[in-house]
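Overview (structure and organization)
Okay, here's what each chain looks like letter by letter:
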Amino acid sequence: MRIHVITVSVNYSDFLIHSVEANRKLFDKWTIITDFKDKETEPICNLNGIECLKTDVFYTKGIFNKYAAINEALTKVEDDSWVLFLDSDIVLHFETRRILECLRLDKSCIYG
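These remarks concern the structure in this document. (Residues numbered from 1 in each chain as written. Predicted model: local features only at pLDDT ≥ 70, side-chain atom pairs only at ≥ 80, totals over all residues. Heavy atoms only, no water.)

Let's shift gears to the overall build of the protein. In terms of regular secondary structure, the protein is built from 4 helices and 4 strands. Helices and strands appear in the protein in the N-to-C order β-α-β-α-β-α-β-α. The C-alpha radius of gyration computed for the protein amounts to 14 Å, which stays within 12% of the reference 13 Å derived for 112 residues, consistent with globular compactness. With the principal axes as the frame, the protein shows a C-alpha extent of 40 × 30 × 20 Å. (Helix = DSSP H or I, 4+ residues; strand = E, 2+ residues; numbered from the N terminus. Rg over C-alpha atoms; globule rule 2.2 N^0.38 Å.)

Shown next, in the form of structure tokens:
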């Protein structure tokens, strides 16, 4: 099971640094999306081998368009990966990966 995590984190580096520390070994790939003004997220990503996707698509419709940014990140996901959307202030249990691998997940389903 390959797990690719996508996190939107614009100006949440104070939370993100703790989430990355706790969660980084649970996943095969992690893409964190932020905007070009956020100067603190990219160094956290670089230090931890996480892809940092910078975009201003958040602001294209005059509102904070989180899902437009997520759609950009989804283009980075490999076909054989499960996608996990994770907020930047969430710390998962250290056995999350083992538990996910024990489940009989159906590829035709979306789990929430």
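From this point, things continue past the structure.
This next bit is on the packing of aromatic side chains. Going through the model one piece at a time under the given rule, you end up with 6 aromatic pairs. Ring geometry for F58 against Y59: centres 5.9 Å apart, planes inclined by 55°, an arrangement best described as tilted. The interplanar angle of 50° and the centroid separation of 6.2 Å between the aromatic rings of W82 and Y111 together place this pair among those described as tilted. Here Y111 lies in the segment after α4 (96–102) and W82 lies in strand β4 (residues 81–85), a separation of 29 residues in the sequence. (Phe/Tyr/Trp six-rings, centres within 6.5 Å; stacked < 30°, edge-to-face > 60°.)

Pairing between side chains of opposite charge can happen when the charged atoms of each approach one another. The full count for this structure, using the stated rule, is 10 salt bridges. Among the ionic pairs, R98 bridges to E95, the shortest N-O distance being 2.4 Å. Residue R98 is classed as partly exposed on the basis of its relative accessible area, which comes to 48%. Here R97 and E101 are joined by a salt bridge, their closest N and O atoms 2.9 Å apart. With R97 and E101 both in helix α4 and 4 residues apart, the pair spans about one turn of that helix. By relative accessible area, which is 44% here, E101 ends up partly exposed. Residues joined in a network through salt bridges with shared partners are R2, E78 and D80. (Salt bridge = Lys/Arg side-chain N within 4 Å of Asp/Glu carboxyl O. Buried < 20%, exposed > 50% of the residue type's maximum accessible area, 1.4 Å probe, protein only.)

This part covers unusual backbone geometry. Positive phi, close to 60°, is recorded for N11, a residue that is not glycine. Looking at the element boundaries, N11 is found in the loop between β1 (2–8) and α1 (13–23). A residue is classified by how much of its surface remains accessible, and N11, at 54% relative accessible area, is exposed.

Along α1, the residues classified as buried are S13, L16, S19, V20 and N23. Looking down the long axis of α1, one finds its buried residues gathered within 115° of arc, a one-sided arrangement. Away from its buried face, by an angle of more than 90 degrees, α1 presents the exposed residues H18 and E21. Buried residues in α1 make contact with β1, β2 (29–34) and α2 (41–48). (Arc of directions from axis to C-beta. Contact = heavy atoms within 4.5 Å.)

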